[in-house]
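Residues per chain, in single letters:
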Amino acid sequence: MNACIIAIDGPAGAGKSTVARKVAEKLGYLYLDTGAMYRVIALESIRQSVPLTDEALAALAKRTSIRFDLDGPGGNRVLSNGVDVTEAIRSPEVTRLVSQVAAVPGVRAEMVAQQQQIGRQKAVVLDGRDIGTVVFPEAEVKIFLTASVEERARRRWLEQTNKGQKASLEEISSDIAARDLADSTRETSPLRQADDAYLLDTSRLTPEEVVDAIIAYAKEHSHAV
Ligand code: CDP
């Protein structure tokens, strides 16, 4: 039923979103950035001063409408209750809070249900932490992207510097390490490589090389791609 699912998991800064977007583009699939969904809930918790309890955050996840506008200005826009939050969800405040929000079981249940619904209707590339293990464990194509912490921090630093933002490599590096630890040690759906996922270390590869490797693997492992 889910033959057209490409699941890409891995830690922060491994290059998932850049690569997932390009793979989707090349194959004519939809791209679903599941991290953006958790970021929306973290942002709304700040904007609406929601207490950081499991109950309040789960209720927030239920009442928040998250939409992706693929044809918006500058490409893929993220909308929360109709408001464009594409830039706001990348703020350092949201980045620092998101792992805590994403660890709440009720928040995850809501996000996972929405992701599964999309995957049942369309051919889609999803990136996240639990796509190959929890959201679509039966996907034929699962990729686990990694890179050294130094390389991942360097990439994030470059990304922010290129956007004209001030960034400290040291701070980014420690934020990434903290998020990796929180994401891989939480009780519900921790970041983990699925047993049947293809492990791809991107430390020394260009994004194009990673995209090509994923497409080649997908063609080999799925009759539907
Ligand atoms: O892009 P980056 O690696 O910074 O993170 P992201 O993909 O935007 O995800 C932000 C956070 O959301 C992660 O650190 C996880 O805590 C959480 N997340 C998750 O728990 N499960 C997913 N499927 C995707 C993201």
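Residues numbered from 1 in each chain as written. Predicted model: local features only at pLDDT ≥ 70, side-chain atom pairs only at ≥ 80, totals over all residues. Heavy atoms only, no water.

Caption draft 1: Quick look at the overall build of the protein. Across its full length, the protein carries nine helices and eight strands. Whereas a compact globule of 225 residues would reach a radius of gyration of roughly 17 Å, the protein reaches 17 Å, a difference of no more than 12%. Overall, the protein is about 50 × 40 × 40 Å in size when its C-alpha atoms are taken along their principal axes. Among the 225 residues that make up the protein, the fraction classed as buried is 48%. For the protein, the proportion of contacts with a sequence separation of at least 24, taken over those separated by at least 6, is 72%. Carbon together with sulfur atoms contributes 52% to the accessible area of the protein, which is approximately 11,000 Å² in total. (Helix = DSSP H or I, 4+ residues; strand = E, 2+ residues; numbered from the N terminus. Rg over C-alpha atoms; globule rule 2.2 N^0.38 Å. Buried < 20%, exposed > 50% of the residue type's maximum accessible area, 1.4 Å probe, protein only. Contact = heavy atoms within 4.5 Å. Areas by Shrake-Rupley, 256 points an atom, 1.4 Å probe, with all protein chains shown as cover.)

Caption draft 2: Structural view of the nonpolar core. Judged by nonpolar contacts, the single largest core of 35 residues is most densely connected at Ile-41, Val-107 and Met-111. Of all elements in the fold, only strand E1 (5–9), strand E2 (30–33), helix H2 (34–47), helix H3 (54–63), helix H4 (92–102), helix H5 (105–121), strand E6 (124–128) and helix H6 (131–135) reach the threshold of two or more residues within this core. Per element, the largest residue contribution to this core is seven residues, and it comes from H2. Discounting residues that sit within four places of it in the chain, Met-111 has contacts with Met-37, Tyr-38, Ile-41, Ala-61 and Ile-66. Grouped together as the second largest cluster of nonpolar side chains are 20 residues, Val-23, Val-141, Leu-145 and Val-211 included. (Core = buried A, V, L, I, M, F, W, Y, C linked by side-chain atoms within 4.5 Å.)

The values reported here are purely geometric and, on their own, carry no functional implication.
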